[in-house]
Amino acid sequence: MVESINGPRSLNIVHLYPREMNIYGDHGNLLTLIRRMQWRGIEAVVHEHHAGNPFPMQADIILGGGGQDSGQAIIQQDLPLIRQPLCELIEAGVPALLVCGAYQLFGNYFKTSTGAIIEGLGIFDLHTVGCENRLIGNIVTHSDVFGEIIGYENHSGKTYLGKDALPLAHVISGAGNNGEDKTEGIHHRNALGTYLHGPLLPKNPQIADHLISCALGNRYGSDALLPLEPLDDELAFQARRIAKNRPR
Ligand code: GLN
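A brief report on the enclosed structure follows.

Procedures and definitions
Residues numbered from 1 in each chain as written. Predicted model: local features only at pLDDT ≥ 70, side-chain atom pairs only at ≥ 80, totals over all residues. Heavy atoms only, no water. Helix = DSSP H or I, 4+ residues; strand = E, 2+ residues; numbered from the N terminus. Rg over C-alpha atoms; globule rule 2.2 N^0.38 Å. Buried < 20%, exposed > 50% of the residue type's maximum accessible area, 1.4 Å probe, protein only. Contact = heavy atoms within 4.5 Å. Areas by Shrake-Rupley, 256 points an atom, 1.4 Å probe, with all protein chains shown as cover. Lys, Arg positive; Asp, Glu negative; His and termini not counted. Charge placed at Lys NZ, Arg CZ, Asp CG, Glu CD. Pairing = 2+ DSSP bridges. Axes fitted to C-alpha atoms, helices over the stretch in contact; angles between N-to-C directions. Near = heavy atom within 4 Å. Polar contact = N/O pair within 3.5 Å; in protein donor to acceptor, adjacent residues only side chain to side chain.

### Thoughts on the overall build of the protein chain
When helices and strands are tallied, the protein chain shows 7 helices and 12 strands. Expected size for 248 residues packed as a compact globule is a radius of gyration near 18 Å; at 17 Å, the protein chain falls within 12% of this value. The buried share of the protein chain, reckoned over its 248 residues, is 54%. Across the protein chain, contacts joining residues at least 24 apart in sequence account for 70% of those joining residues at least 6 apart. When the accessible surface of the protein chain is totalled, it reaches about 11100 Å², and 53% of it is carbon and sulfur. For the protein chain, the separation between the mean place of its 19 positive charges and that of its 26 negative charges on side chains is 5 Å.

### Observations concerning the sheet that holds strand 3 (residues 61-64)
As summarised here, the arrangement of the 6 strands in space is 2-1-3-4-12-11, forming an open sheet in which the pairing is mixed. Each edge of the open sheet is held by one strand with a lone partner, namely strand 2 (42-49) and strand 11 (186-188). With strand direction ignored, the average angle separating the axes of adjacent strands in the sheet is 15°. Bridging between strand 3 and strand 4 (residues 96-99) involves 3 bridges; their strand directions are parallel. Residue pairing in the sheet places Ile62 in a bridge with Ala96 of strand 4. Where helix 3 (residues 79-91) meets the sheet, it contacts strand 1 (9-16), strand 2, strand 3, strand 4, strand 11 and strand 12 (191-194), and its direction lies at approximately 125° from that of strand 3.

### Describing the site of the ligand
With respect to spatial proximity, 16 residues lie near the ligand, and among them Asp69, Cys100, Gln104, Asn154 and Gly157 are the closest. A distance of 2.9 Å separates a nitrogen atom of the ligand from a polar atom in the backbone of Asn154. Contact distances for the ligand include 2.9 Å between an oxygen atom and a backbone N or O atom of Ser156. Within the complex, 99% of the 300 Å² of free accessible area of the ligand lies under protein. Breaking the shell around the ligand down by element, the ones donating at least two residues are helix 2 (69-75), helix 4 (101-105) and strand 8 (147-161).

So, to be careful, I would describe these as geometric facts and stop short of saying anything about function.
Structure follows, in structure tokens:
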């Protein structure tokens, strides 16, 4: 439902499974969203979703982080229970960021390196197969929408997109989805799936602002789609420069 833009603005961030799915600094994605909203006078209301709880009633942005195979196995019982609201929200254009383990579980399935199948949500048209050699290191990619995206990857899963799925970016250096086809992540409606940790958003503020601006547009209508007030991103640019020049 579109609300009036006049008056204080606030956005609800749903954080999926923060206990099990939060590695390599992914919590920083949440902190970045909160800060960039606060700096612009937008209140951030965070709803943690834990296994066994009802899915939060209000969701303007959905966040999910990476997790070990064991963490993914723990939440797999809960995933089918939240599939319907998640699917409806994503298809309605709610912005989302799903990193690594969460990214994999938004796909059709993850076959781990031990051969176990973890069923996914089937929201992203992709599947993942665990392999012996982990894909680890700094990664630089390029996206026509977001420009250069810089991060760090560490996964055993190799992800293969369905034939009509759009990658988030193309790999410049690093492995990305599978180390074979130069794709990285997925871009489905306003939802982004990616292997990039680091965390992603402090070093890639253009993606944080994309999530915030989509959410404002959904909640407050097209008047809210004016460009977001620019912030001083000098520190982020410095971090990008350093990260980009690190050896893999
Ligand atoms: N367990 C998954 C893998 O190794 C995800 C790892 C992660 O989230 N970094 O492929």
